[in-house]
Amino acid sequence: MAARYDRAITVFSPDGHLFQVEYAQEAVKKGSTAVGIRGTDIVVLGVEKKSVAKLQDERTVRKICALDDHVCMAFAGLTADARIVINRARVECQSHKLTVEDPVTVEYITRFIATLKQRYTQSNGRRPFGISALIVGFDDDGIPRLYQTDPSGTYHAWKANAIGRSAKTVREFLEKNYTEGTIATDSEAIKLAIRALLEVVQSGGKNIELAIIRRNQPLKMFSAKEIESQVVNIEKEKEEAEKKKSKKVV
Amino acid sequence: MAATFFGEVVKTRSRAVTEEDDDDEEDAWTQDNYEDREVRRELEKKREVEVLQTQTNVSLEIPLLEQYPCSKFIIAIGHNAVAFLSSFVMNSGAWEEVGSTKLWNEWCRTAETTTLSPADAFCVFYRLKSEPAVFGSSPKRGLQVTLLTSRHVTDYRTPESSGSLSSPFLKALKTQSFQDAAHCTLLEQPNIVHDLPAAVLSYCQVWKIPAILYLCYTDIMKLDLVTVEAFKPILCSKSFRGLVKNASLSPEALTKLVTTNEIQSNIYT
């Protein structure tokens, strides 16, 4: 049945599916995992770094991009589609600042990106964008925000979410471990993001990239050393927790 | 000569028949037929599947299983199943290569099978050197066949929503004579098995050979660690007992395989 209704984007199937949009969501699953966490005074974005070819310049393979000084996003899916969306969003951020003399709110830019994506699901001859995005930042009121958009053009606010390959596993981990305690401080929120990624990332710290935004501060990308030290701390804590457990059992 | 609707010229047989003409025309036709037959025969020969013995590089005249009778025959089809066998089963114990097959059909891009290097073999046969006793019994009696393969999860038909399926997952399908329990749930209707595994299972069913297929439904068709590890539950089965000695070496061997086979692609990030 899908065969006759999945070629053109503008055609509904008899049971109400837009197959091209659903297939675009499959393209998102082919990208590596990205996780976003909204803490009390911090927002964290963590991504699984794709292994870079030997001769490739690592700086040009980035999954976390700043849209403005106070907003940044991570994506999963088709790289080229992401570049287009990011460029449009960046232009919109500046245009808004010049027109209204205020920086964009996180919700505004998310809505802009989502509207852009939806337009491509209802246009003749175009295909949907094959990316999902996690958009984080602080508004002027100082409240941290995390939004997720998907190829269909919907967007929702989240406390913590994951996109890309193995997103389900990471989301289940976050559902179990996102508590008031684990986001109480900035360092706890960062640790939670790294722990969530370590559930699915194969070779540990060296394949993780992390970015944070603190209130009234610009985007900060963690260096490989800082991530490695965080991973080492997490593993130490894990060992200690296991030792305690085995002591209790004995 | 006649022109078809699309303008191509087709040679048609003339309907004007005279007695003398008949013989000439028939000769012409049989000549064409002879050439056609020659071409067809050559193609048939090219398409023949040969099993080459590794040591001698000579084609085996008798079936492989008669040359090397065994009681356990394990076939892995597809990247993930092969990676599972290589890293979990074949990394312990000494396995020797006993034969390989190459085949050709019109869809292959190369012209000749003889020029294909050994690395291009489509199927390689291995035998466990350290336990020839395992492979002592006569063929077809006491023979048990295990098949491993993977398929994309979108081929799996179920009344549940596909979002709730946690791929990768294993399903099994066995022949009537296979008495042991499968190590995962059986493949439900209306799902069917395709291609080589289906052919092997059908053959085993007809000849009453106990056989079981473990089919892994996954959402990543290329070589992938998570999919390969989904095959792990079958290591406890009877067919694999005694074959897996050093389970600790497996993750290393597997990571090595995955990294060497990874094709660099920048389309998805």
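Quick caveat: nothing in here was measured; it's all calculated off a predicted structure.

**A few points about the overall build of chain B**
Working step 1: Looking only at helices and strands, chain B features six helices and nine strands.
Working step 2: Taking all 269 residues of chain B together, 32% fall into the buried category.
Working step 3: Relative to all contacts within chain B whose residues are 6 or more apart in sequence, the contacts with residues 24 or more apart total 76%.
Working step 4: For chain B, the accessible area works out to roughly 17300 Å², and carbon and sulfur atoms hold 55% of it.

**Observations concerning the sheet that holds strand E9 (residues 208–214) of chain A**
Neighbouring strands of a sheet are bound in pairs by backbone hydrogen bonds; such pairs are parallel or else antiparallel.
Residues and elements named next belong to chain A.
Working step 1: A sheet is described by the order of its strands in space; here five strands give the open sequence E8-E1-E2-E9-E10, paired in antiparallel fashion. In this open sheet, the two edge strands, each paired with only one partner strand, are strand E8 (160–163) and strand E10 (220–221).
Working step 2: Where strand E2 (residues 42–48) and E9 come together, seven bridges link them in antiparallel fashion. Note on E9: the bridge partner recorded for Val43 is Ile213.

**Some words on the interface of chain A and chain B**
Much of the literature gives interface size as the accessible area that the parts lose upon coming together.
Working step 1: Residue-level contacts link 18 residues of chain A with 13 residues of chain B.
Working step 2: Roughly 1300 Å² is buried in total at the junction of chain A and chain B, and carbon and sulfur atoms are behind 49% of that figure.
Working step 3: By the criterion of area lost to chain B, the three top residues of chain A are Lys50(A), Thr79(A) and Lys168(A), representing 32% of everything that side buries.
Working step 4: At the junction of chain A and chain B, the tally comes to zero salt bridges.

**Details of helix H7 (residues 224–249) of chain A**
Residues and elements named next belong to chain A.
Working step 1: Taking 1.5 Å per residue, 26 residues should reach 38 Å; H7 reaches 37 Å between its end C-alpha atoms and fits that length.
Working step 2: Within the sequence span of H7, burial applies to Ile227, Gln230, Val231 and Ile234.
Working step 3: In the core, the buried residues of H7 are packed alongside helix H6 (186–198) and E9.

**A short note on the sheet that holds strand E9 (residues 211–218) of chain B**
Residue and element names in this part refer to chain B.
Working step 1: Read from one edge of the open sheet, four strands run E4-E7-E9-E8, paired in mixed fashion. Of all strands in the sheet, those with a lone pairing partner are strand E4 (72–77) and strand E8 (169–174), marking the two edges. Within the sheet, the average angular offset between the axes of one strand and its neighbour, ignoring direction, is 20°.
Working step 2: Note that E4 and strand E7 (residues 144–152) share six bridges and pair parallel. Bridge pairing links Lys72 to Gln144 in E7.
Working step 3: Along the sheet face, helix H4 (residues 195–206) touches E4, E7, E8 and E9 and points at about 155° away from the line of E7.

**Some remarks on the side chain of Gln144(B)**
All names here are of chain B.
Working step 1: Of note, Gln144 is situated in strand E7.
Working step 2: In this structure Gln144 comes out as buried when scored by relative accessible area, which is 16%.
Working step 3: In this structure, Gln144 is in contact with Ser71, Lys72, Phe73, Phe178, Asp180, Pro210 and Ser239, ignoring residues within four places of it in sequence.

**A closer look at the environment of Ala167(A)**
Residues and elements named next belong to chain A.
Working step 1: Of note, Ala167 is situated in helix H5 (residues 167–177).
Working step 2: Ala167 sits in the buried class, given a relative accessible area of 8%.
Working step 3: As a C-alpha pair, Ala167 and Thr33 span 134 residues in sequence and 6.3 Å in three-dimensional space.

**Things to note about the packing of aromatic side chains**
Working step 1: Under the criterion given, the structure shown has nine aromatic pairs over all chains.
Working step 2: Look at Tyr156(B) and Phe169(B): their rings are 5.0 Å apart centre to centre, the planes differ by 70°, and that puts the pair in the edge-to-face class. Placement of Tyr156(B) in the loop between E7 and E8 and of Phe169(B) in strand E8 is noted, with a sequence separation of 13 residues between them.
Working step 3: With relative accessibility at 14%, the residue Phe169(B) sits in the buried group.
Working step 4: With centroids separated by 4.9 Å and ring planes inclined at 50°, the aromatic side chains of Tyr156(B) and Tyr217(B) adopt a geometry described as tilted. Separated by 61 residues along the polypeptide, Tyr156(B) in the loop between E7 and E8 and Tyr217(B) in strand E9 bring together distant segments of the chain.
Working step 5: Its relative accessible area of 10% is what places Tyr156(B) among the buried residues.
Working step 6: For Tyr217(B), a relative accessible area of 1% gives the class buried.
Working step 7: One cation-aromatic arrangement involves Lys63(A) over Phe75(A); the distance from NZ or CZ to the ring centre is 5.7 Å.
Working step 8: We note Arg126(A) situated over the ring of Tyr120(A); from NZ or CZ to the ring centre the distance is 4.5 Å.

**Concerning the pairing of E2(A)**
All names here are of chain A.
Working step 1: Across the seven residues that make up E2, a large majority, seven, are buried.
Working step 2: Burial along E2 is two-sided: the residues Ile42, Val44, Gly46 and Glu48 and Val43, Leu45 and Val47 are all buried.
Working step 3: With five bridges connecting them, strand E1 (residues 34–38) and E2 associate as antiparallel partners. Looking across to E2, one finds that Ile37 is bridged to Val44.
Working step 4: Hairpin connection from E1 to E2: three residues lie between these consecutive antiparallel strands.

**Let's talk about a negative patch on the surface**
Residues and elements named next belong to chain A.
Working step 1: Judged by side-chain charge, Glu228, Glu235, Glu239, Glu240 and Glu242 come together as a negatively charged surface patch.
Working step 2: Mapping Glu239 onto the fold places it in helix H7.
Working step 3: Residue classification places Glu239 among the exposed residues on the basis of a relative accessible area of 51%.

**As for a nonpolar patch on the surface**
Working step 1: A cluster of nonpolar side chains, Tyr203(B), Val206(B) and Trp207(B), forms an exposed patch at the surface whose accessible area comes to about 360 Å².
Working step 2: The topology assignment puts Tyr203(B) in helix H4.

**Quick look at the nonpolar core**
Residues and elements named next belong to chain A.
Working step 1: The biggest cluster of nonpolar side chains holds 28 residues, and the ones touching the most others in it are Val35, Ile37, Val44, Leu174, Ile190 and Leu210.
Working step 2: Here this core takes seven residues from H6, the largest share from any one element.
Working step 3: Setting aside anything within four residues of it in sequence, one finds Leu210 in contact with Val44, Leu45, Gly46, Ile64, Ile190, Ala193, Ile194, Lys220, Met221, Phe222 and Ile227.

**Examining the environment of Tyr214(B)**
All names here are of chain B.
Working step 1: On the secondary structure map, Tyr214 appears in strand E9.
Working step 2: On the basis of relative accessible area, Tyr214 is assigned to the buried category, the value being 1%.
Working step 3: It is 8.1 Å that separates the C-alpha atoms of Tyr214 and Phe231, two residues lying 17 residues apart in sequence.

Quick notes on the rules
Residues numbered from 1 in each chain as written. Chains lettered and ligands numbered in written order. Predicted model: local features only at pLDDT ≥ 70, side-chain atom pairs only at ≥ 80, totals over all residues. Heavy atoms only, no water. Helix = DSSP H or I, 4+ residues; strand = E, 2+ residues; numbered from the N terminus. Buried < 20%, exposed > 50% of the residue type's maximum accessible area, 1.4 Å probe, protein only. Contact = heavy atoms within 4.5 Å. Areas by Shrake-Rupley, 256 points an atom, 1.4 Å probe, with all protein chains shown as cover. Pairing = 2+ DSSP bridges. Buried area = accessible area lost by both parts, 1.4 Å probe. Salt bridge = Lys/Arg side-chain N within 4 Å of Asp/Glu carboxyl O. Expected span 1.5 Å × (residues − 1). Axes fitted to C-alpha atoms, helices over the stretch in contact; angles between N-to-C directions. Phe/Tyr/Trp six-rings, centres within 6.5 Å; stacked < 30°, edge-to-face > 60°. Lys NZ or Arg CZ within 6 Å of the ring centre and 35° of its normal. Patch = residues over 30% accessible without salt bridge, like charges linked within 9 Å, V, L, I, M, F, W, Y side chains within 5 Å. Lys, Arg positive; Asp, Glu negative; His and termini not counted. Charge placed at Lys NZ, Arg CZ, Asp CG, Glu CD. Core = buried A, V, L, I, M, F, W, Y, C linked by side-chain atoms within 4.5 Å.

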